[in-house]
Amino acid sequence: MASAAEPSPVEPPAAGVETKGGEKKMKRPKRTGWRRIIPTWRMVLGTFFIGTLLLIGLFFLGYSMVKIPAANAFATKQSNVYLYADGSQLARDGEVNRENVTLAQVSKDAQHAVLAAEDREFYTESAVDPKAMLRAGWNTATGKGTQSGSTITQQYVKNYYLAQEQTVTRKVKEFFIAIKLDRTESKDQILEGYLNTSYFGRNAYGIQAAAQAYYGKDAADLDPARAAYLAALVNAPSEYDVVAHPENKAAAVARWNYVLDGMVKKGWLSESERTGMKFPMPKEQTVSTGMSGQRGYLVEAVKSYLIKNKIVDADSLEAGGYRITTTIEKSKQDAFVKAVDDKLMSQLDKKNNKADNYVRAGGASVDPKTGKVVAMYGGIDYVKQYTNGATRGDFQVGSTFKPFVFASAVDNDSTTQSGRTITPNTYYDGTNKRAVQGWSGGGYAPENEDEKSYGQITVRKATDLSVNSVYAQMAVDVGPSKVKQTAVDLGLPSDTPDLQPYPSIALGTATASVLDMAEAYATLANHGKHGTYTLVDKVTKDGTEEIKLPESTVKQAVSRQAADTTTSILQSVVENGTATAAQAAGRPAAGKTGTAEEDTAAWFAGYTPDLATVVSVMGQDPVTAKHMPLYGALGLARINGGGAPTEIWSQYTKDALEGTTASTFDLDLQAGAETQAPATQAPATPGTGGQDNGGTTGGNQDNGGTTDGGQDNGGTTDGSTTDGSTTDGSTTSGTTTSGTDSGTTSSGTTSGTTSSGTDSGTSTGTTTDGTSTGTTSGTSDAGTTTGTTAGDNGGFGFQ
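Residues numbered from 1 in each chain as written. Predicted model: local features only at pLDDT ≥ 70, side-chain atom pairs only at ≥ 80, totals over all residues. Heavy atoms only, no water.

**Q** Explain the sheet that holds strand E13 (residues 536-541) to me, and be specific about the residues and the numbers.
**A** The 5 strands lie next to each other as E4-E3-E7-E13-E14, forming an open sheet whose pairing is mixed. Looking at the sheet topology across the chains shown, the edges are occupied by strand E4 (89-92) and strand E14 (545-546). For E13 and E14, the ladder comprises 2 bridges, and the chain directions are antiparallel. Following the sheet pairing, Thr540 is matched in E14 by Glu546. (Pairing = 2+ DSSP bridges. Helix = DSSP H or I, 4+ residues; strand = E, 2+ residues; numbered from the N terminus.)

Right, here's the structure in full:
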């Protein structure tokens, strides 16, 4: 009998298998290792879904909470008050120059130009552009420049409803108000509001005021060219005003072209009309009498200083409410204006002398010990002549740059090509058009003033007479890059136009402003210690909140010996050289004259131990703004640095320091600078070529020309001077015939030549020694010398 079957044993569930209701289910393996830190797709999807809901919720919350406010109180905005250093009122600004117009009163060209400049897709896009905002934020965060990413609608909201502060709260409000506004107002209404609230510079708010301020036209009459320029201004109103800042014209024209190209691209301007379109130069600014005289120049300079140094931003300054105490001392300011009027402006005859209509002037005066700008001359009248002569940077500084070359030589222990240390007593070859030696960048042979040749001449005397050939060679001996760095260390901005490391740097091709040059000369006066100039002593907001000013930092730009030895040779320029008119200040003084190429500007930069001042007389066509030579101005053949600029400096310095004890220069000179130069010295550089030492040029010269005095046939020449200053000549080894009043020079071979002359026409005796290898014949009263010279490469004729 079969036995009952035994029950079979129950098998346990297989690994990774669960049983439920008789069904088997695979169990998910646990995530291990690096896989644990990677979110699953469920987590990603859930996070995205929750984030989206959160953003939507925040959007609707913000949309419901942010209301469209009333227009801001800009119509009743406060003025800014500017004070002299003593607390007396200098000027008050803040008048709002605006005339609202309807969109129909703005030409289509003007409307399209603004759209091309600011928001080309305005009529088709939404009120905000998130992509542009994100892109702008990214570019700002990554250092590619601050960008707004705002549409025209957002910019209008900022201008009309909100304040100008750059905060997250304001941007959030701007975002939501723009969206709401886009639902309640038409695009035309928004564009109209934007055109009436935008700032175009020159205190002009709105397109109508701007059209009048720049072109004297109504907004309805703006053509494409003028409209494009006004549209370009919105991007940078102060910088792109080509009348106020001629040095920025290239950038303004580039922006102007960008606007026009945008109009063509959008079909708002035909290609044929665009082709050949010329940049429309705006007129000089006409402003209220509240900014007349020097007030407007001073206010604009102070505004620029505040903005440039990030003390107050442009938008906040325009909103007003600031009380600004400047460093300008009223007594010195008045003295400066009077000096320019007495020595220059009152001498002009604009009705009968065309050249007198080109004459402009600029001046700046700095306390060397503090760096404070105590006086500034901007022009004849801010209402009549908008461009500030003290801050514009588009005229060459000429030979006022030469002291920077010498200071660099001493500071760097530089030597000549033959290895001699450069000191005031080092001899150089002063031959006209002498090719520089040791420069691998190509031939360069600069021309001396009036093509004068001086033969072997000391650095001190070459500075007295402003000899280009000597200083071009010195720049090469020092190294043009080192010269540039010294100029920057002394106070010139590193981006000064045409401040390039070439031999020509010595001749003043750079176009630094008068104020920049005053800062650099103040550094020399302060024994080489440089402190950035300041125009502001104190700033308060709404009468209580004091704005922090940048801390004053002083550094030793060049060694004291370099600065002081430079001062010693500049003292010689005042005592014996081209700036003898500076002696009228009645103070120990040092300085240098300068003349720009083609005589478009004449300079004098000088200082006493207590005051550094630079004066420039410039030539500019009042209609075209083109630089013009000063030939014939003041009834003179030409205006030189030793004339009106030095005379203005002298009267101003005398009056500004009246009642104070005259300080003397406390100089620590370079070794060897204290000794007198030897009577003769071998040529400083090899291969000098022919030298023009064949004789002495007679006749009284007006610009550093050479004048001989009485001569002894025994061979000794004594220089005769007009102002009682006499320098003994050297003994000749050849036959020299004294010059006549007509300037005739007899040919002869000599080992010395006697020369004299000043920039202002004052004759001063001087002797230079050298060996003639060529012959010279015939000169005239103009002081022009013809002879055999090394190199035929013409250079700049700066003095």
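Now that the structure has been shown, we can carry on.
**Q** Let's hear about the side chain of Arg587: which residues, and what values?
**A** Locating Arg587 in the fold gives a position in the loop between helix H19 (560-576) and strand E16 (590-595). Within polar-contact distance, the side chain of Arg587 engages the backbone oxygen of Thr660 at 2.9 Å. Of note is the side chain of Arg587, whose polar atom sits 3.4 Å from the backbone oxygen of Thr661. (Polar contact = N/O pair within 3.5 Å; in protein donor to acceptor, adjacent residues only side chain to side chain.)

**Q** Just give me the short version of the nonpolar core, but keep the residues and values in it.
**A** By size, the foremost hydrophobic cluster in this structure holds 126 residues, and its most contacted members are Phe401, Phe404, Met474 and Leu535. At 9 residues, helix H18 (residues 514-525) tops the list of elements feeding residues into this core. Not counting chain neighbours up to four residues away, the residues in contact with Phe404 comprise Thr486, Ala487, Leu490, Leu492, Met517, Ala520, Tyr521 and Leu524. Grouped together as the second largest cluster of nonpolar side chains are 53 residues, Val114, Leu222, Tyr229 and Ala232 included. (Core = buried A, V, L, I, M, F, W, Y, C linked by side-chain atoms within 4.5 Å. Buried < 20%, exposed > 50% of the residue type's maximum accessible area, 1.4 Å probe, protein only. Contact = heavy atoms within 4.5 Å.)

**Q** Tell me about the pattern of salt bridges, and name the residues and values.
**A** Following the criterion strictly, the structure yields 21 salt bridges and no others. Between Asp537 and Lys372 there is a salt bridge, with its nearest N and O atoms 3.4 Å apart. Placement of the pair is Asp537 in strand E13 and Lys372 in the loop between strand E8 (359-366) and strand E9 (373-377), with a sequence separation of 165 residues. Looking at Asp537, the relative accessible area reads 32%, which means it is partly exposed. Since its relative accessible area comes to 31%, Lys372 is described here as partly exposed. Salt bridges sharing partners connect three or more residues here, namely Asp93, Glu300 and Lys303. (Salt bridge = Lys/Arg side-chain N within 4 Å of Asp/Glu carboxyl O.)

**Q** Talk me through unusual backbone geometry; I want residue IDs and the actual numbers.
**A** With phi around 55°, Arg202 is a residue other than glycine that occupies positive phi space. Mapped onto the elements of the fold, Arg202 is located in the loop between helix H6 (187-197) and strand E6 (204-205). With a phi close to 55°, Lys310 is a non-glycine residue in the positive phi region. Locating Lys310 in the fold gives a position in the loop between helix H11 (295-308) and helix H12 (314-319). The exposure class assigned to Lys310 is exposed, which follows from its relative accessible area of 76%.

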